[in-house]
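# A structural walkthrough
Each chain, written out:
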Amino acid sequence: MITTHQLANGLSILIEEMPHVESVSYDLLIPGGLVCDPEGKVGAGLILGDLIGRGAGPLSSRQLSEAFDDLGIRHGEGVGSDRYAMSGSLVSDSLTRALELVSYMVREPHLAEEEIPNIQSVLLQDIDSLSDNPARRSMVELSKRYYPAPFNRPSLGDADGIRATDRATVHGLWRKLFSPRQAILSIAGKVKASEVLKTVESLFGDWSGDDVKVPQFGAMPRHEYFHIDSDSSQMQIVFASPSVRFNQQGYYAGKLAVSVLGASMFGRLFVEVREKRGLCYSVYARHGSTIDYGTVTAYVGTTPERAQESLDVLLKELHGLQGTVSEDELERARTNLKASLIMGEESPGARAGSNAQDWWLIKRVRPLSEINAEIDRVTVSSVDEFLAAYPFKPCSILTLGKYALSVPKGLTGEG
Amino acid sequence: MAIRVHKEVLPNGLTVLAESNPANVSAGIGFFVRTGARDETARESGVSHFLEHMMFKGTLTRSALDINLELGNLGAQANAFTSEENTVYYATVIPEKFKAMQELLSDMLRPALDPEEFTMEKKVILEEIALYRDRPHFYLFENAFKDYFGSHPAGNSVLGSDESISAVTRDEMKAYFDRRYSPSNIVLAASGNFSVEEFLSDARALCGEWTNFEVDRDVSRHTSKSVYKEFRRKNLSHSHAVLLAKGASAQDEERFALSVLSNILGDSSGSAMYWELVDKGLADSASFDSDERDGTGCVMVYVSTSPSKLDEVVTIARGIVSRPMDFSDADLERAKAKIVSRIVLDGELPMGRLMSLGLEWNYRRTTTPLSETIAKVRAVSRADIARALEKFPMNDWSEYRLLPE
């Protein structure tokens, strides 16, 4: 059962009681993220996200870390494109203490100036080591070019931006963004909602702040083919194309269409690119979406001499989907999506996360029955309608490797 | 809640373990084969892992495509992995699909090894080797272990090389299968929401006819050594170092003390390595682990940083492991709390329990309830750690570095 409540200061609280488990998980989402970093200081948010864990409330950096560890709380504080997120999992009798520590980090971080160079150093090393993971690097490079600013900012920040960030920048960001107005605290596990509500009220009830304005998602840049030279063993090929937004007409048809194509071992890409031709180890397609945009991404990594064939087969499968999806394929995709949703119910961490995500996107938590009904409504013809509206072209393609590939005319090039 | 583990050994030697928990909404099932890179000859290098791929490529009654589609129809989250010592095939499904999943997985363990599929999958394996060649820290780990273990098979490469994979034949793979995949060398385990009786009776029907034969493994301890080696690679922006010394095996009682010590010295946060190296911005990664293997084991320091800082970072890391008892009682209690919490959280999901059930059986031929493992961790004292360090004094380090050319 899910209890929802909003504090007077705006903080939304979602609590799901899961009596069969022993643990509890929390997720606190605060709008902001890298899109809110000042121009020229992209990566300031990453510094802030790290710094809130280095001393807060009555606790020094070390004491705060030890307070989490004393209770065995598995926790993480991170920064996404459009949000700050704090999450944790623990044995349930320590929840009050865990939330108290979170409230210190959010409301009373020390933001100590002397810690900033240490954080900068590690963040700059992270950017350096990106070249040691070509698959990840290719995705980052494509996102930079595919999305409109500032939603194209790299998740590791920008080296110059990180260097240019000082304490005043970080402090300013914290004051502006760390507000309860549109924040969400989601808790799931072995808890009693009434008790948790009281705890949250006492820890966060007098937290105050203004509305946070996250930049509007703008017009997509022109689709293009990009190539980056790299002397690596494998060629990275990544593909992105617009798709349906979250919970819009055709959303589940889109998810299932992409699953027919690229999910797991039964998807067409795995069968055609890997199983029948042995062209690669890793190939997939994914569907991602928010309220503002939807994207289909596809990936294949292969040795240079087989890269052109891999790209050709990838594109053939992507663009040959419309009108060819069988009832069997759709049914398999449907079974898989539903099974993964049921299995996701099991973990408090997954529940806290998906409840928070629903609230973030549509200000309510959808029951599983509603999602299942939506999935059941998808037919072969609704998949084709989706594919007519989103034919996976125009698209952007990026390759990273020894040489550029030939990309058919007319696929890219439209805005 | 105490959950009982049912155990049955079939007449052909296959061990079947079942831990049912009706509170779960899914069930995990897996075959754990006690075989891996360390059981290969030099000519066979990489064949355990290649064979793991071939298990998905057809049986007497199913084609590769049949298997893929059936996994899809079951809504299964299925996968497999190969390490130096284990090859594991596993899946999570909703309870209604458990019986069919057990049937499919049991059939997959009797592969056809079709020659055409073999040739095709060889290309996939060569791509996988190329993928890891682009990951420098993987390259260092593989080469460091190979050198460190020397002639001892624990250092064998899981993936093999372009040369060994290109050369290996279908018949050699079949011979390896016929030498290693005896039911007495395999455990079938399940955890989560399923019927124990049905699982056991289906196991008898599906696997009871598999032919048993003797399988052995060299479980001697490796000879410790102390060397320094550098590897160089072009276009490297980062540098890495691995330090190895003798440690506890998966059977040694000292493993509990060393795992607590690992947490104190080298956990990803809140450890000595973290505070001295990562918190100060000197390294982006610094860890200390106890790597317990079958009959042997080592402890390992890993650091990664920019090339100009590597000397300083390695010196500090060596300093930390040279004073391993330099921790407070609070540090000890905190480390134990972290480990216990991880055991509880991982044990809550069927897949977490499945992995500990199967792997524990392969290493120690026993099953331990979560509560007992937790009690053993909680009982670790300062004196236990000191005693473990007498046996494994961490004074015989071998050091391997990866640097830009």
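Here the structure is a predicted model, which is why all the values come from computation and not from measurement.

## Some thoughts on the overall build of chain B
- Helices and strands together make up the secondary structure of chain B, namely 15 helices and 11 strands.
- The C-alpha radius of gyration computed for chain B amounts to 22 Å, which stays within 12% of the reference 22 Å derived for 405 residues, consistent with globular compactness.
- Taken over the C-alpha atoms alone, chain B extends approximately 60 × 50 × 35 Å along its principal axes.
- Here chain B holds 405 residues, and the buried ones make up 52% of them.

## Some words on the packing of helix α2 (residues 61–70) of chain A against helix α12 (residues 329–347) of chain B
- At a minimum axis distance of 8 Å, the contact between α2 of chain A and α12 of chain B shows a crossing angle of 50 degrees. In terms of orientation, α2 of chain A and α12 of chain B fall into the oblique class. Residues E66, D69 and D70 of chain A of α2 of chain A pack against R334, A337 and K338 of chain B of α12 of chain B.
- For the contact of α2 of chain A with α12 of chain B, the class distribution of residues is one nonpolar, no polar and five charged.

## Overview of the domain arrangement of chain B
Residue and element names in this part refer to chain B.
- As far as domains go, chain B holds domain 1 (6–207) and domain 2 (228–404).
- Contacts between the two partners involve 31 residues from domain 1 and, on the opposite side, 24 residues from domain 2.
- Of all the secondary structure elements, the ones that give two or more residues to the side of domain 1 that touches domain 2 are β2 (15–20), β3 (27–33), β5 (87–93), α5 (136–149) and β6 (186–192).
- Of the residues forming the side of domain 1 that touches domain 2, the biggest block, nine residues, is contributed by α5.
- Counted by class, the side of domain 1 that touches domain 2 contains 14 nonpolar, 11 polar and six charged residues.

## Some points on the interface of chain A and chain B
- Contacts between the two partners involve 54 residues from chain A and, on the opposite side, 49 residues from chain B.
- Among the elements of the structure, α2, β5 (83–91), α4 (116–129), α10 (268–275), β10 (294–302) and α12 (327–344) of chain A are those that each provide at least two residues to the side of chain A that touches chain B.

## So, the sheet that holds β10 of chain A
All names here are of chain A.
- The sheet built from five strands is open, its strands ordered β7-β11-β8-β10-β9 with mixed pairing. Two strands close off the open sheet at either side, each with one partner strand: β7 (225–229) and β9 (282–289). Sheet twist, expressed as the average angle between the axes of neighbouring strands with direction ignored, equals 15 degrees.
- Bridge analysis of β7 against strand β11 (residues 396–401) gives five bridges, and the strand direction is parallel. Bridge assignment links D229 to a residue of β11, and that residue is G401.

## Some points on the domain arrangement of chain A
Residues and elements named next belong to chain A.
- For chain A, the assigned domains read domain 1 (2–204) and domain 2 (225–401).
- Spacing between the C-alpha centres of domain 1 and domain 2 amounts to 28 Å.
- The interface is formed by 27 residues belonging to domain 1 together with 22 residues belonging to domain 2.
- The set of elements that each furnish at least two residues to the side of domain 1 that touches domain 2 consists of β2 (12–17), β3 (23–31), α5 (134–146) and β6 (184–189).

## Describing the packing of helix α3 (residues 98–108) of chain B against helix α8 (residues 196–207) of chain B
All names here are of chain B.
- The geometry of α3 relative to α8 is characterised by a closest axis approach of 10 Å and an angle of 25 degrees between their N-to-C directions. Compared by their axis directions, α3 and α8 come out roughly parallel. As α3 packs across α8, the resulting crossing turns out to be right-handed. When α3 is examined against α8, the residues K99, Q102, E103 and S106 are found in contact with a partner set consisting of E198, F199, D202, L206 and C207.
- Residues that form the contact of α3 with α8 fall into these classes: three nonpolar, two polar and four charged.

## Regarding the confidence of the model for chain B
- On average, chain B scores 96 in pLDDT, and the residues at 70 or more come to 100%.
- Taken together, the chains of this predicted complex give a pTM of 0.95 and an interface ipTM of 0.93.

Rules and cut-offs
- Residues numbered from 1 in each chain as written.
- Chains lettered and ligands numbered in written order.
- Predicted model: local features only at pLDDT ≥ 70, side-chain atom pairs only at ≥ 80, totals over all residues.
- Helix = DSSP H or I, 4+ residues; strand = E, 2+ residues; numbered from the N terminus.
- Rg over C-alpha atoms; globule rule 2.2 N^0.38 Å.
- Buried ≥ 20, exposed ≤ 12 C-beta atoms within 10 Å, placed from the backbone.
- Axes fitted to C-alpha atoms, helices over the stretch in contact; angles between N-to-C directions.
- Parallel < 35°, antiparallel > 145°, perpendicular 65-115°, else oblique.
- Contact = placed C-beta atoms within 7 Å.
- Nonpolar A, V, L, I, M, F, W, Y, C, P; charged D, E, K, R; others polar.
- Domains from an automatic or database assignment.
- Pairing = 2+ DSSP bridges.
- Left-handed = near helix turned anticlockwise from the far one by under 90°.
- pLDDT = per-residue confidence, 0-100.

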